[in-house]
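Chain and residue survey
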Amino acid sequence: MYWNNFKTNTKKVGFIHKKSLGQNFLKDPNVLRKIVSIISPRESDKIIEIGPGQGALTGYLENSAGSILTIEKDMELGFYIKKNFNVDVLVMDALDVCWSKINGKFNKIVGNLPYNIATTLIWDIAANSIGVEKMVFTVQKEVAEKIGAKVGEKKYGALSVWIQSFCDIRLEFQINPGSFFPRPKVMSQVIVLTPKKIFLDKKTKTGLLKTLRICFSSPRKQLKNLLKCYWNEEVEEVFKRQKLSENMRPNMLSCEDYLELSKAIF
Ligand code: SAM
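None of these values were measured; they are calculated from a predicted model.

1. What about the layout of surface pockets?
One number sums up the size of the largest pocket: a volume of about 440 Å³. At the level of elements, strand E3 (25-26), strand E4 (46-50) and strand E5 (67-72) are the ones that each hand at least two residues to the lining of the largest pocket. Here the lining of the largest pocket is built from residues that sort into 18 nonpolar, 10 polar and 4 charged.

Below, the structure written as structure tokens:
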């Protein structure tokens, strides 16, 4: 448990960082400025910021974007943001947001995400990001590397295929623990997700999800073993068309291969 002071417009109050909410606040203005330049806020932007905390990033964005909606789970911080910044505040769990409903209403989604929910949250947002132009997130370096891993790489897994099926990924700069208070135990990294503007209906998404579960349940196994219960003529056809071999392992298939395969199986 850590204490530090933060200002409200009435008085300075003590604040206890809640470890359970991943509250590591960015304190390095150079890092914040670099993140803001990647977000490149404009007058016409409608931005969602997930987990504004004490407003480190919010402060840089509030006067340059058209509108900002912040989503903060911690009620105490939600009130703090409401009082001190010219932004809208939703005090709720970002994991409970129906991201498909915000399509078209916001064009950028940003946040220095709590480490414990980053993967689940990005998994959901990426698959429901139509209408969004750009997403800029700070996550644990390990997670950034998995999201951005390329076909054939060791870290290329279900998370990479799923998110890259919907978005192009760019890994940006890394952030040292010393840039945060309290210091996290891990390195962080900024990533940019640019939605591909492809629409997959619910059935296709579910099929892709099931296919990834089957294939990455045992990433060291060969496809012929992983898919033996699902083998049919269509699967055979996909293997020919996509020039796949039964001896390949799951990390050798592209997003397109997985999409084709899932359509043949489900
Ligand atoms: N943006 C601030 C910064 O850069 O200093 C705070 C980042 S801190 C890593 C993560 C923030 O997300 C905290 O303010 C925390 O309370 C909030 N948070 C944690 N879990 C959340 C959730 N499920 N939904 C929304 N906000 C959450």
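Once the structure has been displayed, the description carries forward.
2. Focus: the sheet that holds E4
Strands sit in the order E6-E5-E4-E7-E8-E11-E9 across an open sheet of 7 strands; the sheet is mixed. Each of the sheet's edge strands pairs with one partner strand only, and the pair in question is strand E6 (88-91) and strand E9 (167-175). Neighbouring strand axes in the sheet, compared pairwise and without regard to direction, differ in orientation by 20 degrees on average. Here E5 runs beside E6; their pairing, made up of 4 bridges, is parallel. Residue pairing in the sheet places Ile71 in a bridge with Leu90 of E6. Across the sheet, helix H1 (residues 29-39) is in contact with E4, strand E7 (108-112), strand E8 (134-140), E9 and strand E11 (188-195); its angle to E9 comes to roughly 165 degrees. Along the sheet face, helix H6 (residues 158-166) touches E9 and E11 and points at about 115 degrees away from the line of E9.

3. Some words on the site of the ligand
Around the ligand, a shell composed of 22 residues is seen, among which Gly51, Glu72, Asp93, Ala94 and Asn112 lie nearest. Here a nitrogen atom of the ligand and a side-chain polar atom of Asp93 are 2.8 Å apart. Considered on its own, the ligand offers 600 Å² of accessible surface; in the complex 98% of this is hidden by protein. Taking a 2 Å distance to the grid points as the criterion, the majority of the atoms of the ligand fall inside the largest pocket. Elements with a contribution of two residues or more to the shell around the ligand: E3 and E5. Split by residue class, the shell around the ligand holds 11 nonpolar, 6 polar and 5 charged.

4. Here we look at unusual backbone geometry
With an omega of -10 degrees, the peptide bond running from Phe181 to Pro182 counts as cis. Turning to its location among the elements, Pro182 is positioned in the loop between strand E10 (180-181) and E11. A positive phi angle, close to 65 degrees, is found at Lys197, a residue other than glycine. Looking at where Lys197 falls in the secondary structure, it is placed in the loop between E11 and helix H7 (202-216). Not every positive phi belongs to a glycine, and Lys243 is a case in point at roughly 55 degrees.

5. Let's talk about the nonpolar core
One finds Ile50, Trp99, Ile109 and Phe137 to be the most contacted residues of the largest nonpolar core, which totals 55 residues. At 6 residues, helix H10 (residues 255-265) tops the list of elements feeding residues into this core. With 25 residues, the next largest nonpolar core counts Leu26, Leu32, Ile47 and Tyr115 among its residues.

6. Re the state of the cysteines
Overall, the coordinates contain 0 disulfides when judged by the stated rule. Unpaired in this structure, Cys215 has its nearest cysteine sulfur neighbour in Cys229, at a distance of 12 Å. What makes Cys215 buried here is its relative accessible area of 0%.

7. Brief notes about helix H5 (residues 141-148)
When H5 is considered as a whole, its buried residues turn out to be Val143, Ala144, Glu145, Ile147 and Gly148. Those residues of H5 that are buried lie in contact with helix H4 (118-126), E8, H6, E9 and E11.

8. Focus: the domain arrangement of the protein
Examined at the domain level, the protein breaks down into domain 1 (2-195) and domain 2 (202-265). A C-alpha centroid distance of 33 Å is found between domain 1 and domain 2. The interface is formed by 15 residues belonging to domain 1 together with 11 residues belonging to domain 2. Regarding the contact of domain 1 and domain 2, the summed buried area is about 1,000 Å², with carbon and sulfur atoms giving 73% of it. Of all residues in domain 1, the largest losses of buried area upon contact with domain 2 belong to Tyr156, Val161 and Trp162, amounting jointly to 43% of the total for that side. Viewed at the interface, domain 2 and domain 1 are joined by 5 residue pairs in polar contact (both at pLDDT 80 or more).

Cut-offs used in this document
- Residues numbered from 1 in each chain as written.
- Predicted model: local features only at pLDDT ≥ 70, side-chain atom pairs only at ≥ 80, totals over all residues.
- Heavy atoms only, no water.
- 1 Å grid on protein atoms, 1.4 Å probe; cavity = no way out; pocket = protein on both sides within 12 Å on 5 of 7 lines; lining within 4 Å.
- Points joined across faces, edges and corners; volume = space filled by probe spheres on them.
- Helix = DSSP H or I, 4+ residues; strand = E, 2+ residues; numbered from the N terminus.
- Nonpolar A, V, L, I, M, F, W, Y, C, P; charged D, E, K, R; others polar.
- Pairing = 2+ DSSP bridges.
- Axes fitted to C-alpha atoms, helices over the stretch in contact; angles between N-to-C directions.
- Contact = heavy atoms within 4.5 Å.
- Near = heavy atom within 4 Å.
- Polar contact = N/O pair within 3.5 Å; in protein donor to acceptor, adjacent residues only side chain to side chain.
- Areas by Shrake-Rupley, 256 points an atom, 1.4 Å probe, with all protein chains shown as cover.
- Sits in = over half its atoms within 2 Å of the grid points.
- Core = buried A, V, L, I, M, F, W, Y, C linked by side-chain atoms within 4.5 Å.
- Buried < 20%, exposed > 50% of the residue type's maximum accessible area, 1.4 Å probe, protein only.
- Disulfide = S-S within 2.5 Å.
- Domains from an automatic or database assignment.
- Buried area = accessible area lost by both parts, 1.4 Å probe.

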